[in-house]
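So the chains spell out like this:
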Amino acid sequence: GDRNIALQGEQRVQLFRIRMRVFDEFEAVGTHRVVGVDGGGRRIVRTEHDGSITILMDRFDGKRLNSPNDIVVKSDGSIWFTDPVFGILGDYEGYKSEPELPMNVYRLDPATQKATVAAEGILGPNGLAFSPDEKLLYVVESRGVPNRKILTYDVKPDGASLANKRVLIDAG
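Residues numbered from 1 in each chain as written. Predicted model: local features only at pLDDT ≥ 70, side-chain atom pairs only at ≥ 80, totals over all residues. Heavy atoms only, no water.

Draft legend 1. Focus on unusual backbone geometry. In the segment running from Val145 into Pro146, the intervening peptide bond is cis, with an omega of 0°. With respect to the secondary-structure elements, Pro146 resides in the loop between strand 14 (136-141) and strand 15 (149-155). Even without being glycine, Asn164 reaches a positive phi, approximately 60°. (Helix = DSSP H or I, 4+ residues; strand = E, 2+ residues; numbered from the N terminus.)

Draft legend 2. Geometry of the pairing of strand 16 (residues 162-170). Judged from the 6 bridges that link them, strand 15 and strand 16 form a sheet pairing that is antiparallel. By the bridge assignment, Asp154 is partnered in strand 16 with Ala163. Between the antiparallel neighbours strand 15 and strand 16 lie 6 residues, among them Gly159 with a positive phi of about 75°. (Pairing = 2+ DSSP bridges.)

Draft legend 3. Broad picture of the pairing of strand 6 (residues 53-57). The pairing of strand 5 (residues 43-47) with strand 6 spans 4 bridges and is classified as antiparallel. Following the sheet pairing, Arg46 is matched in strand 6 by Thr54. Between strand 5 and strand 6, which follow one another and run antiparallel, lie 5 residues, and Gly51 among them has a positive phi close to 95°.

Draft legend 4. Local environment of the nonpolar core. Counting 15 residues, the largest nonpolar core has Ile44, Met57, Leu65, Ile79 and Phe81 as its most contacted members. Elements with a minimum of two residues in this core: strand 4 (34-38), strand 6, strand 9 (71-73), strand 10 (79-83) and strand 11 (104-108). Residues contacting Ile79, with those up to four places away along its chain left out, are Val35, Ile44, Leu56, Ile71, Val72, Val73, Tyr106, Arg107 and Leu108. Ranked by size, the runner-up nonpolar core spans 14 residues in total, among them Val72, Leu137, Val139 and Val155. (Core = buried A, V, L, I, M, F, W, Y, C linked by side-chain atoms within 4.5 Å. Buried < 20%, exposed > 50% of the residue type's maximum accessible area, 1.4 Å probe, protein only. Contact = heavy atoms within 4.5 Å.)

Draft legend 5. Fine view of the sheet that holds strand 16. Strand order across the open sheet formed by 4 strands is 13-14-15-16, with antiparallel pairing between neighbours. Sheet topology places strand 13 (125-130) and strand 16 at the edges, where each strand pairs with a single neighbour. Here the strands of the sheet are splayed against their neighbours by 25° on average, with no regard to which way each runs. Relative to strand 15, strand 14 runs antiparallel, the two being bridged by 6 bridges. Bridge pairing links Leu136 to Asp154 in strand 15. (Axes fitted to C-alpha atoms, helices over the stretch in contact; angles between N-to-C directions.)

Following this line, the structure appears as structure tokens:
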């Protein structure tokens, strides 16, 4: 879509932004603030109380993100997101461009604003979700060969890194 709406009270909806870039996914954080992926803008953003946008991340190691696609905010406030190339392959879902980074899953630390690669080597990382206890991270490998897969990772006790990549579901 090309607009955001906000629920005001129990029965009133207000349009507060039109002409967005290609936004794909939003995750609520705190009161009246939303973190989202702006695939067309190749960035992670936060919508503030007044509707303004704060860019949280648009580069990693000095290189532009590809086209962030899905996002989840963990209970510790860390932001985890996928960065496939879908939105830069053509002008349909974003704006055609050459990828500058491999397709990864990233973690953005809320305290330091430092990003790290949480998972790499995933062919078309797409959807992602934590288990209810946040001990597992599930990631869709949408370009898996020969089939799409849902991968599972253990979240290490530090809560910031992953281990033990395995296939949960092979969609073949």
